[in-house]
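Now for the letters of each chain:
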Amino acid sequence: MAEIKDPENTIIIELKDGPVVVELLADVAPQHVARMKELARAGKYDNVAFHRVIDGFMAQTGDVEHANMEKGWNPGRAGTGGSDLPDLPAEFSRIPHARGTLGAARSQNPNSANSQFFINFKDNDFLNGQYTVYGQVISGMEHVDKIARGEPPASPDRMISVKVAADA
């Protein structure tokens, strides 16, 4: 596992193949970082499916309302929900959507991000300036690369657990 410099702003996502360590960019997107930590600390991301995984593009997850594979799993609605918290305003930056970055998923409204996010499989520069970047995978990208593909995947993978490193 990578060296964790700031445990309060680092997330550990446990996948079936191993841990993914994400350095959160609190100075770039403080509201998105705070939301991810709040939902992680509440256990809301545990057992949530990767409901949209496009080869050569990204893996999307974080629908805590409809995609928890242990509580309320609804494959037909996975990807349509968020959390019971208010939507977040966009926090666009010059950070590119490079391989391993976390981007905030949203609807057409730039200020509609809530709990869903995606991890880029490759550099996706066409997303730059349109979606908030708020994290970077610093280890475990090889586990992200093994997530089952599909929209939705026939047998989706899930985030087994999501923890703030300071609490782990």
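Residues numbered from 1 in each chain as written. Predicted model: local features only at pLDDT ≥ 70, side-chain atom pairs only at ≥ 80, totals over all residues. Heavy atoms only, no water.

Chemist: Mind laying out the sheet that holds strand β6 (residues 101-104), listing which residues take part and the relevant values?
Modeler: Across the sheet, eight strands lie side by side as β4-β5-β7-β6-β8-β2-β1-β10; this open sheet has antiparallel pairing. The outermost strands of the open sheet, each flanked by one partner alone, are β4 (52-54) and β10 (161-164). Averaged over all adjacent pairs, the angle separating strand axes in this sheet is 25°, with direction ignored. Relative to strand β8 (residues 133-139), strand β2 (residues 18-24) runs antiparallel, the two sharing four bridges. Looking at the pairing, L24 lines up with G135 of β8. Seen against the sheet, helix α1 (residues 30-41) touches β1 (10-15), β2, β6, β7 (117-120), β8 and β10 and runs at an angle of roughly 120° to β10. (Pairing = 2+ DSSP bridges. Helix = DSSP H or I, 4+ residues; strand = E, 2+ residues; numbered from the N terminus. Axes fitted to C-alpha atoms, helices over the stretch in contact; angles between N-to-C directions. Contact = heavy atoms within 4.5 Å.)

Chemist: I'd like a rundown of the environment of T101, residues and numbers included.
Modeler: Summarising the element assignment, T101 is placed in strand β6. With relative accessibility at 2%, the residue T101 sits in the buried group. For the pair T101 and T10, spaced 91 residues apart in sequence, the C-alpha separation works out to 13 Å. The residues touching T101, leaving out its near neighbours within four places in the chain, are P96, F118, I119, N120, V133, G135 and Q136. (Buried < 20%, exposed > 50% of the residue type's maximum accessible area, 1.4 Å probe, protein only.)

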